[in-house]
Amino acid sequence: MPVIHNGASYLAADAHAHIYPEKIAEKATASVGRFYDLAMRYVGTPGVLAEAGAQAGLDRFLVCSVATKVEQVRSINGFIESACREYPQFVGLGAWHPDVEDIEGELDDIQRQGLRGIKLHPDFQEFAIDDPKMLPFYRAAECRGLPILFHTGDSRKNFSSPRQLARVLQKLPGLTCVAAHLGGYTEWKAARECLRGSGVYVDTSSSFPFLSEEEALESIALFGADRVMFGTDFPMWPAGPELRALFALGLTQAENRGILFENFARLYRVSTQKESHG
Ligand SMILES: [Zn+2]
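Residues numbered from 1 in each chain as written. Predicted model: local features only at pLDDT ≥ 70, side-chain atom pairs only at ≥ 80, totals over all residues. Heavy atoms only, no water.

A.B. asks: Which residues make up the pattern of salt bridges, and what are the values?
C.D. replies: A full pass over the atoms with the stated rule returns 13 salt bridges. Residue D108 is joined to R144 by a salt bridge in which the shortest nitrogen-to-oxygen separation is 2.9 Å. Linking D108 in helix 4 (residues 103-112) with R144 in helix 6 (residues 135-144), this pair joins segments that are 36 residues apart in sequence. Using a relative accessible area of 35% as the deciding quantity, one classes D108 as partly exposed. A salt bridge links K189 to E193; its shortest N-O distance comes to 3.2 Å. Taken together, the residues span about one helical turn, with K189 and E193 both in helix 8 (residues 188-194) at a distance of 4 residues. E193 sits in the partly exposed class, given a relative accessible area of 45%. Sharing partners across several salt bridges, the network here consists of R74, E106, D109 and R112. (Salt bridge = Lys/Arg side-chain N within 4 Å of Asp/Glu carboxyl O. Helix = DSSP H or I, 4+ residues; strand = E, 2+ residues; numbered from the N terminus. Buried < 20%, exposed > 50% of the residue type's maximum accessible area, 1.4 Å probe, protein only.)

Put into structure tokens, the structure is as follows:
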């Protein structure tokens, strides 16, 4: 069942979804809900994501998980890899941690596992995006052409602000980044100001429920509809209302095709054909 709007049918990907192994999914989901003081719609298991996403008409899912301790990096990446094998519609990102010592070795493993980039959550992992300690890792990711999906924005903290990401991009303009949540959760205006012209990708996750249509359109125009990707922040928001919020903006069919699938497919090198993982 594809996504259908105004008689047109769209290939659609969720470019921002979190998954957890079955036995910790309930606890992990609840703790994210507490952190943001938001109700979580689902329990974040791979099976629930695949099922709820398919019901909403989504064809592909970018899946990730965050390592709050360096010892978790390997096991999380093994879990993401196996979820991608089980669900060929998943595209996985590797977990990372600022304390990883063997940067090149760990990145080799991540690429060998077929993962297409790295996910970082500076607020959960408690490091500043622009901490100089992160630069060797960013340089290595840049050399390999590996995109980094950053959780960005939290006005209560000073780890993940769009300003901090802008400082990194001034140093490393070739780094491919996704600034999640339209450039900065709760910091949408600052994101427009300081990430303008930086070439970052953004995703729409955890944004529409908080923004007016005018403000959402302003952000999309500023980053460029060819650099915006639809995302739900699963297990946080149900895909149906998020899709309706996107279509309510009245973008052109070509812009919606880009945001729903093409930009995601280009960035993460995903074929538009149904293919098996590997
Ligand atoms: Zn996230």
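A.B. asks: Report on the coordination of the zinc ion, specifying residues and quantitative values.
C.D. replies: Those donors, H16 (NE2), H18 (NE2) and K119 (NZ), are the protein atoms that reach the zinc ion, and they lie 2.0 to 2.2 Å from it. Donor residues for the zinc ion sit on one chain with the sequence pattern H-x1-H-x100-K. Remark: K119 occurs in strand 7 (residues 118-120) and H16 occurs in strand 3 (residues 13-18); sequence separation between them is 103 residues. For H16, a relative accessible area of 0% gives the class buried. (Donors = N, O, S within 2.8 Å, 3.2 Å for Na, K, Ca; no water.)

A.B. asks: Lay out the environment of T272 with the relevant residues and their values.
C.D. replies: Tracing the backbone through its elements, the reader meets T272 in the segment after helix 11 (253-267). The partly exposed category is assigned to T272, whose relative accessible area is 49%. In this structure the C-alpha to C-alpha distance between T272 and E193, which are 79 residues apart in sequence, comes to 34 Å.

A.B. asks: Any chance you could break down the layout of surface pockets for me, citing the residues and the numbers?
C.D. replies: Considered as a void within the structure, the largest pocket measures approximately 510 Å³ in volume. Here the lining of the largest pocket takes 6 residues from helix 1 (residues 22-36), the largest share from any one element. When its residues are assigned to classes, the lining of the largest pocket shows 10 nonpolar, 6 polar and 1 charged. (1 Å grid on protein atoms, 1.4 Å probe; cavity = no way out; pocket = protein on both sides within 12 Å on 5 of 7 lines; lining within 4 Å. Points joined across faces, edges and corners; volume = space filled by probe spheres on them. Nonpolar A, V, L, I, M, F, W, Y, C, P; charged D, E, K, R; others polar.)

A.B. asks: So what about the nonpolar core? Which residues, and what values?
C.D. replies: Membership of the largest hydrophobic core comes to 81 residues, with the highest contact counts inside it found for F90, L120, F137, Y138 and L195. The element best represented in this core is helix 3 (residues 72-86), accounting for 6 residues. Counting 17 residues, the second largest nonpolar core, distinct from the first, contains L62, L93, V178 and M229. (Core = buried A, V, L, I, M, F, W, Y, C linked by side-chain atoms within 4.5 Å.)

A.B. asks: Explain the side chain of S205 residue by residue, including any values.
C.D. replies: Topologically, S205 is positioned in the loop between strand 10 (201-203) and helix 9 (213-223). By relative accessible area, S205 is classed as buried at 0%. At a separation of 2.7 Å, a polar atom in the side chain of S205 contacts the side chain of D203. Setting aside residues no more than four positions away along its own chain, S205 makes contact with H16, H181, G231, T232 and D233. (Polar contact = N/O pair within 3.5 Å; in protein donor to acceptor, adjacent residues only side chain to side chain. Contact = heavy atoms within 4.5 Å.)

A.B. asks: So what's going on with the packing of aromatic side chains? Residues and values would help.
C.D. replies: Under the counting rule described, the total for this entry stands at 17 aromatic pairs. Against the face of Y201 rests R227, its NZ or CZ located 4.8 Å from the ring centre. Sitting over the ring of Y10, R257 keeps its end group 4.7 Å from the ring centre. (Phe/Tyr/Trp six-rings, centres within 6.5 Å; stacked < 30°, edge-to-face > 60°. Lys NZ or Arg CZ within 6 Å of the ring centre and 35° of its normal.)

A.B. asks: Any chance you could break down unusual backbone geometry for me, citing the residues and the numbers?
C.D. replies: A cis amide bond, omega 5°, links F234 with the succeeding residue P235. Along the chain, P235 falls in the loop between strand 11 (228-229) and helix 10 (239-247). Its identity as a non-glycine residue notwithstanding, N6 has a phi of 50°, on the positive side. Inspection of the secondary structure puts N6 in the loop between strand 1 (3-5) and strand 2 (8-10). You can call N6 exposed: its relative accessible area is 75%.

A.B. asks: Describe in detail helix 3, supporting the description with residues and values.
C.D. replies: Its 15 residues place the ends of helix 3 21 Å apart at the C-alpha level, agreeing with the 21 Å of an ideal helix rising 1.5 Å per residue. Residues V73, I76, N77, F79, I80, E81, A83 and C84 constitute the buried set of helix 3. Buried residues in helix 3 make contact with helix 2 (46-56), strand 4 (60-64), strand 5 (90-92), strand 6 (94-95) and helix 4. (Expected span 1.5 Å × (residues − 1).)

A.B. asks: Describe the environment of Q253, with residues and values.
C.D. replies: Counting through the fold element by element, Q253 comes out in helix 11. Aside from chain neighbours lying at most four places away, what touches Q253 is A8 and Y10.

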